[in-house]
Amino acid sequence: MRVIIVGGGIAGLSVAYFLERAMAEGRWRGEILLIERGQRLGGKIVTVREDGFLVEGGPDSFLAARTEGRALIRELGLEMEIIAPQARTVYVLSRGRLMPIPEALLMLRPDPGAVLRARNLSWGGRLRALLEPWIPPRRSDGDEPLATFLRRRFGRAFAEGIAEPLMAGVHAGDPERLSMQALYPHLLAMERKFGSIARGLWNARSARPSGPLFVSLRSGMGALVDRLAASLHRTHIALGRTVLGIAPAPGEGRLSYRVTLDSGEIVEGEGVALAVPAFEAARWVRDLAPSAAARLAEIPFASTAVVTLAFRRDQVRHPLNGSGFLVPRREPFPLTGCTWSSSKWPGRAPGGFVLLRAFLGWAGDPEAIAGEDAILIQRSVEALRPLLGLRGDPVRAWVHRWPAGMPQYTVGHLERLAAIERALSPFPGLRLVGASYGGIGIPDLIRQAREAAEKMASFLNSDCSYGG
Ligand SMILES: Cc1cc2nc3c(=O)[nH]c(=O)nc-3n(C[C@H](O)[C@H](O)[C@H](O)COP(=O)(O)OP(=O)(O)OC[C@H]3O[C@@H](n4cnc5c(N)ncnc54)[C@H](O)[C@@H]3O)c2cc1C
């Protein structure tokens, strides 16, 4: 009995972890083989430590309130590593100037005091946002684009100037296309139940965690990957192997799968977890379930890049008294945002230096990350120069590119996932897991992996008795 996991990102590694746990608890027995194309594990989680700088090439934090992430971190003995942001003020770019966003608005809470202090909004825009509790709820239950929802509830100025950069920005997505049902179902539920987001948040205030929204790990998100990989004692990990195809293996009894690798090897398993982006999975399931392949191929992806810049403190005039800034789409600016990493997290830069993390690229601009590293670095520095008062060139720079790296949950995403699941239902040994499906955040991926491993273990155990 063998399970093959394709993809060594956080999703694939977590599937292995939960399968090992099911094995340790006697719920199934077999072999686990994890196949990863790259020479390292972690996928989009990349932490680089150089000359006293700690650079995150992909995620730099995870949602604090989600139990799945915290539970795994605790089990891996990393709880003491959790750090909270030391600077929480978020700025937004408005007509070429950085304006602080009052904290309540980051939670979409249109508290009167906070709205009135939102200096990047016109007075009309502020008043319209304050009317949110009196805007009647939508009657239909169907999906709708994020931008439509925000304009409907809070008005255009608040939507475009504050909420969209925050809510679409983390997905590098186009708010006119992103799905409310897939990304923010709790807000739709709040609207249905309380008739208003402000009223819903007011009612939920006692359940709201008081700590920070996002937390990180002292030695970087890569520590999660390292600890997870080190905990896998029963998984055989094959690095530097690319999966080229998957086909049913001939034979009687339970359906098993033949996985073809670029090395020419063929491995067989009764269970296969595909922890790779949907467009990769689409290619492999084309012969098994053509309609699943077609729906998988419909999931769009945005290309982004993270350009991390180190400066001496005396090269930067701005006090960097916050966690960074967001950029509304209407601003003519080449970056989608910038995190002031050394202000936001402790231990990201040696004394006397600062670390800035600039984001390029979103769903509407596939060309934004084209060009040599030097071009992306120069574009980022020149964009930041007038805003932050930069002098001279960065002392160090790192570029991490993520071509087709950010899945887009566009309107209809949940219906698409349901169709894929139906089409793959004759293949219970085949599981899809990862950022393309039920959430892109690290805790979401850990939850997906746990569910996939549980289903896989009980399926593989379903008609076998191991007698303990
Ligand atoms: C710039 C950026 C910032 C982000 N910030 C945050 C954040 O702050 N917080 C947060 O929670 N999330 C964040 N995310 C999202 C999060 O990092 C990702 O959703 C998550 O890491 C994806 O994990 P995964 O395992 O699904 O996929 P991946 O990490 O993409 O892993 C897939 C793996 O499959 C391998 N693979 C692909 N094809 C094959 C093949 N044919 N054969 C073998 N192996 C293959 C790849 O090499 C890769 O290692 C961010 C993402 C990006 C890009």
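Residues numbered from 1 in each chain as written. Predicted model: local features only at pLDDT ≥ 70, side-chain atom pairs only at ≥ 80, totals over all residues. Heavy atoms only, no water.

### Details of the overall build of the protein
Line of reasoning, step 1. Secondary structure summary: the protein contains 17 helices and 20 strands in total.
Line of reasoning, step 2. Scaling as 2.2 N^0.38, a compact globule of 468 residues should have a C-alpha radius of gyration of about 23 Å, and the protein matches this with 23 Å.
Line of reasoning, step 3. Reported as C-alpha extents along the three principal axes, the dimensions of the protein are approximately 70 × 55 × 40 Å.
Line of reasoning, step 4. Excluding contacts between residues fewer than 6 apart, the proportion of contacts in the protein whose partners are at least 24 apart in sequence is 72%.
Line of reasoning, step 5. For the protein, the exposed area adds up to about 20100 Å²; of that, 53% sits on carbon and sulfur atoms. (Helix = DSSP H or I, 4+ residues; strand = E, 2+ residues; numbered from the N terminus. Rg over C-alpha atoms; globule rule 2.2 N^0.38 Å. Contact = heavy atoms within 4.5 Å. Areas by Shrake-Rupley, 256 points an atom, 1.4 Å probe, with all protein chains shown as cover.)

### Quick look at the domain arrangement of the protein
Line of reasoning, step 1. Per the domain assignment, the segments of the protein are domain 1 (2–43 + 221–299 + 410–461), domain 2 (102–203) and domain 3 (301–407).
Line of reasoning, step 2. Domain 2 and domain 3 are separated by 27 Å when their C-alpha centres are compared.
Line of reasoning, step 3. Contact between domain 2 and domain 3 buries roughly 890 Å² in total, counting both sides, with carbon and sulfur atoms accounting for 56%.
Line of reasoning, step 4. Three residues stand out in domain 2 for area buried against domain 3, namely Glu 160, Pro 165 and Ala 172, and they jointly supply 45% of the buried area on that side. (Domains from an automatic or database assignment. Buried area = accessible area lost by both parts, 1.4 Å probe.)

### Here we look at the sheet that holds strand β9 (residues 214–217)
Line of reasoning, step 1. The sheet built from three strands is open, its strands ordered β5-β9-β6 with antiparallel pairing. On the outer flanks of this sheet lie β5 (62–63) and β6 (82–83), each paired with one strand and no other.
Line of reasoning, step 2. Here two bridges tie β5 to β9, and the two strands are oriented antiparallel to one another. Residue pairing for β9: Phe 62 is matched across the bridge by Val 215. (Pairing = 2+ DSSP bridges.)

### Section: the packing of aromatic side chains
Each aromatic ring pair is specified by the distance between its two centres and by the angle formed by the two planes.
Line of reasoning, step 1. All told, the structure shown has eight aromatic pairs when counted by the stated rule.
Line of reasoning, step 2. Seen in terms of ring centroids, Phe 279 and Phe 301 are 4.8 Å apart; in terms of plane orientation they differ by 85°. Their pairing is edge-to-face. Here Phe 301 lies in strand β15 (residues 301–312) and Phe 279 lies in helix α12 (residues 278–285), a separation of 22 residues in the sequence.
Line of reasoning, step 3. Phe 279 sits in the partly exposed class, given a relative accessible area of 30%.
Line of reasoning, step 4. Cation over ring: Arg 126 sits above Trp 123, and NZ or CZ is 4.1 Å from the ring centre. (Phe/Tyr/Trp six-rings, centres within 6.5 Å; stacked < 30°, edge-to-face > 60°. Buried < 20%, exposed > 50% of the residue type's maximum accessible area, 1.4 Å probe, protein only. Lys NZ or Arg CZ within 6 Å of the ring centre and 35° of its normal.)

### With respect to the sheet that holds strand β1 (residues 2–6)
Line of reasoning, step 1. Spatially, the five strands line up as an open sheet ordered β10-β2-β1-β14-β20, and their pairing is parallel. Edge positions in the open sheet fall to β10 (235–239) and β20 (430–432), since each of these has one partner strand only. Across the sheet, the mean angle separating the axes of adjacent strands is 15° when strand polarity is ignored.
Line of reasoning, step 2. Strand direction decides the pairing type here: β1 and strand β2 (residues 31–36), joined by five bridges, are parallel. Of the residues in β2, the one forming a bridge with Val 3 is Ile 32. (Axes fitted to C-alpha atoms, helices over the stretch in contact; angles between N-to-C directions.)

### So, the nonpolar core
Line of reasoning, step 1. Ile 5, Leu 19, Trp 28, Leu 217 and Leu 224 are the most contacted members of the largest nonpolar core, which totals 45 residues.
Line of reasoning, step 2. Mapped by element, the contributors of at least two residues to this core are β1, α1 (10–24), β2, α2 (67–75), β9, α11 (222–231) and α17 (442–461).
Line of reasoning, step 3. Apart from residues lying up to four places away in sequence, Leu 217 is in contact with Phe 62, Ile 73, Leu 78, Glu 81, Ile 82, Ile 83, Ala 223, Leu 224 and Arg 348.
Line of reasoning, step 4. Residues Leu 108, Leu 121, Met 167 and Leu 187 belong to the second largest nonpolar core, which totals 37 residues. (Core = buried A, V, L, I, M, F, W, Y, C linked by side-chain atoms within 4.5 Å.)

### So, the environment of Thr 410
Line of reasoning, step 1. Take Thr 410: it is sitting in the loop between β19 (396–407) and α16 (413–424).
Line of reasoning, step 2. Here Thr 410 falls in the buried class, since its relative accessible area comes to 7%.
Line of reasoning, step 3. Residues Thr 410 and Glu 176 lie 234 residues apart in sequence; the distance between their C-alpha atoms is 8.9 Å.
Line of reasoning, step 4. When near neighbours in sequence (up to four residues on either side) are disregarded, Thr 410 contacts Arg 177, Leu 178, Ser 179, Pro 300 and Arg 416.
Line of reasoning, step 5. A polar side-chain atom of Thr 410 sits 3.4 Å from a polar atom in the side chain of Arg 416. (Polar contact = N/O pair within 3.5 Å; in protein donor to acceptor, adjacent residues only side chain to side chain.)

### Some thoughts on unusual backbone geometry
The phi angle of most residues is negative, glycine excepted, and most peptide bonds adopt the trans form.
Line of reasoning, step 1. One non-glycine residue, Leu 108, adopts positive backbone phi at about 65°.
Line of reasoning, step 2. Checked against the element boundaries, Leu 108 lands in the loop between α3 (103–106) and α4 (112–116).

### So, the site of the ligand
Line of reasoning, step 1. Taken together, the neighbourhood of the ligand is formed by 32 residues, with Glu 36, Lys 44, Ser 61, Ile 440 and Ile 442 sitting nearest.
Line of reasoning, step 2. Between Asp 60 and the ligand, the recorded distance is 3.4 Å, taken from a backbone N or O atom to an oxygen atom.
Line of reasoning, step 3. Ser 61 is positioned with one of its backbone polar atoms (N or O) 2.7 Å from a nitrogen atom of the ligand.
Line of reasoning, step 4. Contact with the protein chains hides 91% of the accessible area of the ligand, taken as 1000 Å² for the molecule alone.
Line of reasoning, step 5. For the shell around the ligand, the secondary-structure elements that each account for two or more residues are α1, β2, α12, β19 and α17.
Line of reasoning, step 6. The class makeup of the residues in the shell around the ligand is 16 nonpolar, 10 polar and six charged.
Line of reasoning, step 7. Shared between two domains, the shell around the ligand holds at least three residues of each, these being domain 1 (2–43 + 221–299 + 410–461) and domain 3 (301–407). (Near = heavy atom within 4 Å. Nonpolar A, V, L, I, M, F, W, Y, C, P; charged D, E, K, R; others polar.)

### Details of the side chain of Ser 380
Line of reasoning, step 1. Within the secondary structure, Ser 380 sits in helix α15 (residues 373–388).
Line of reasoning, step 2. If near-sequence neighbours (up to four positions away) are discounted, Ser 380 is found in contact with Val 307, Leu 309, Leu 335, Ala 358 and Leu 360.

### Re the environment of Asp 174
Line of reasoning, step 1. Looking at the secondary structure, you find Asp 174 in the loop between α7 (156–167) and α8 (180–183).
Line of reasoning, step 2. Looking at Asp 174, the relative accessible area reads 17%, which means it is buried.
Line of reasoning, step 3. Along the primary structure Asp 174 and Gly 439 are separated by 265 residues, whereas in three dimensions their C-alpha atoms are 17 Å apart.
Line of reasoning, step 4. In this view, Asp 174 contacts Arg 329, Trp 362, Ala 363 and Gln 408; residues no more than four positions away in its chain are not counted.

### Remarks on α15
It helps to recall that an α-helix has 3.6 residues per turn; residues three or four apart then point in one direction.
Line of reasoning, step 1. Over its 16 residues, α15 runs 22 Å from end to end, which matches the ideal 22 Å to within 8%, given 1.5 Å per residue.
Line of reasoning, step 2. Along α15, the residues classified as buried are Leu 376, Ile 377, Ser 380, Val 381, Ala 383, Leu 384, Leu 387 and Leu 388.
Line of reasoning, step 3. Looking at the residues trailing α15, positive phi occurs at Gly 389, about 65°. (Expected span 1.5 Å × (residues − 1).)

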